[in-house]
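# A look at the structure
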Amino acid sequence: MQLVIAEKPSVAMSIAAVIGADERKDGYMEGAGFLVSWCVGHLAGLADATHYGDFKKWRYEDLPILPEHWETVISPDKEEQFETLKNLMHRADVEALICATDAGREGELIFRFVYEKAGCEKPFYRLWISSMEESGKG
């Protein structure tokens, strides 16, 4: 089984339809040997300066703020979807992941933050498409 992770639900639904993952679950689709889920945009991101100390108000003396280890945090309103993704990543029958976030650095970063925060070490591949539109040709 492979887990496909898109950046947003609409793209995940389009991919699921194409690959035959037509069984709707809570936070993902399943079918034809695939699980398809989504990140809901910026699901995880770098922690702000207040995460590392008393930096609510920045002072010149505090700069530069250089944490020894950069931390990622989950957006409070998106914790449920993160838990869904984390559970899917760690399912015993999931052998590999497919990063299907938007083509470009931002989409890649969104996937990598979630992958790292979930503690996943399974192999992953990159699906790189620039359009989800039907051309009507052919």
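Residues numbered from 1 in each chain as written. Predicted model: local features only at pLDDT ≥ 70, side-chain atom pairs only at ≥ 80, totals over all residues. Heavy atoms only, no water.

## Observations concerning a nonpolar patch on the surface
Taken together, the side chains of Leu 46, Leu 66 and Trp 70 present a nonpolar region at the surface, about 370 Å² in accessible area. Looking at the element boundaries, Leu 46 is found in strand S5 (residues 44-46). (Patch = residues over 30% accessible without salt bridge, like charges linked within 9 Å, V, L, I, M, F, W, Y side chains within 5 Å. Areas by Shrake-Rupley, 256 points an atom, 1.4 Å probe, with all protein chains shown as cover. Salt bridge = Lys/Arg side-chain N within 4 Å of Asp/Glu carboxyl O. Helix = DSSP H or I, 4+ residues; strand = E, 2+ residues; numbered from the N terminus.)

## Let's talk about the sheet that holds strand S1 (residues 2-6)
A sheet is described by the order of its strands in space; here six strands give the open sequence S2-S3-S4-S1-S7-S8, paired in mixed fashion. Either end of the sheet is taken by a strand with one partner, and the two such strands are strand S2 (23-24) and strand S8 (124-126). In this structure, strand S7 (residues 96-100) lies alongside S8, joined through three bridges in parallel fashion. When the bridges of S8 are listed, Leu 97 appears paired with Phe 124. Sitting on the sheet, helix H1 (residues 9-19) touches S1, S2, strand S3 (28-31), strand S4 (34-38) and S7, and the angle it makes with S4 is about 165 degrees. Sheet strands touched by helix H2 (residues 79-89): S1, S3, S4 and S7. Its angle to S4, the strand with the most contacts, is close to 155 degrees. (Pairing = 2+ DSSP bridges. Contact = heavy atoms within 4.5 Å. Axes fitted to C-alpha atoms, helices over the stretch in contact; angles between N-to-C directions.)

## Points about the environment of Gln 2
Positionally, Gln 2 belongs in strand S1. A C-alpha to C-alpha distance of 9.8 Å links Gln 2 and Ala 32, two positions 30 residues apart in sequence. The residues contacting Gln 2, other than those within four sequence positions of it, are Gly 33, Phe 34, Leu 35, Ala 96 and Ile 98.

## Some details on the side chain of Lys 122
Relative to the helices and strands, Lys 122 resides in the loop between helix H3 (105-117) and S8. Here Lys 122 is buried and forms no salt bridge, its nearest opposite-charge partner Asp 93 lying at an N-O distance of 6.6 Å. Looking at Lys 122, its side chain comes within polar contact range of the main-chain oxygen of Arg 91, at 2.6 Å. Every residue in contact with Lys 122, bar those within four places of it in the chain, is listed here: Met 89, His 90, Arg 91, Val 94, Glu 95, Leu 97 and Tyr 115. (Buried < 20%, exposed > 50% of the residue type's maximum accessible area, 1.4 Å probe, protein only. Lys, Arg positive; Asp, Glu negative; His and termini not counted. Polar contact = N/O pair within 3.5 Å; in protein donor to acceptor, adjacent residues only side chain to side chain.)

## A few points about H3
Between its terminal C-alpha atoms H3 stretches 18 Å, which fits the 18 Å expected from 13 residues at 1.5 Å a residue. Residues Gly 107, Glu 108, Ile 110, Phe 111, Phe 113, Val 114 and Tyr 115 constitute the buried set of H3. Tucked into the core, H3 has its buried residues touching S1, S5, strand S6 (72-74), H2, S7 and S8. A positive backbone phi angle near 70 degrees is found at Gly 119, which sits one or two residues after H3. (Expected span 1.5 Å × (residues − 1).)

## With respect to the nonpolar core
Ranked by size, the top nonpolar core spans 22 residues in total, and within it Leu 3, Ile 5, Cys 39, Met 89, Leu 97 and Val 114 carry the most contacts. Contributions of two or more residues to this core are made by S1, H2, S7 and H3. No other element matches the five residues that H3 contributes to this core. Look past the residues within four positions of Met 89 in its chain and what remains in contact with it is Leu 3, Ile 5, Val 94, Leu 97, Val 114, Tyr 115, Ala 118, Cys 120 and Lys 122. Membership of the second largest hydrophobic core comes to 12 residues, among which are Ala 6, Ile 15, Val 36 and Ala 100. (Core = buried A, V, L, I, M, F, W, Y, C linked by side-chain atoms within 4.5 Å.)

## Side note on the side chain of Glu 108
Looking at the element boundaries, Glu 108 is found in helix H3. In terms of polar contacts, Glu 108 uses its side chain to reach the side chain of Arg 126, at 2.5 Å. Residue contacts for Glu 108: discarding those within four places in its chain leaves Cys 99, Thr 101, Asp 102, Phe 124 and Arg 126.

That is the geometry; function is a separate question.
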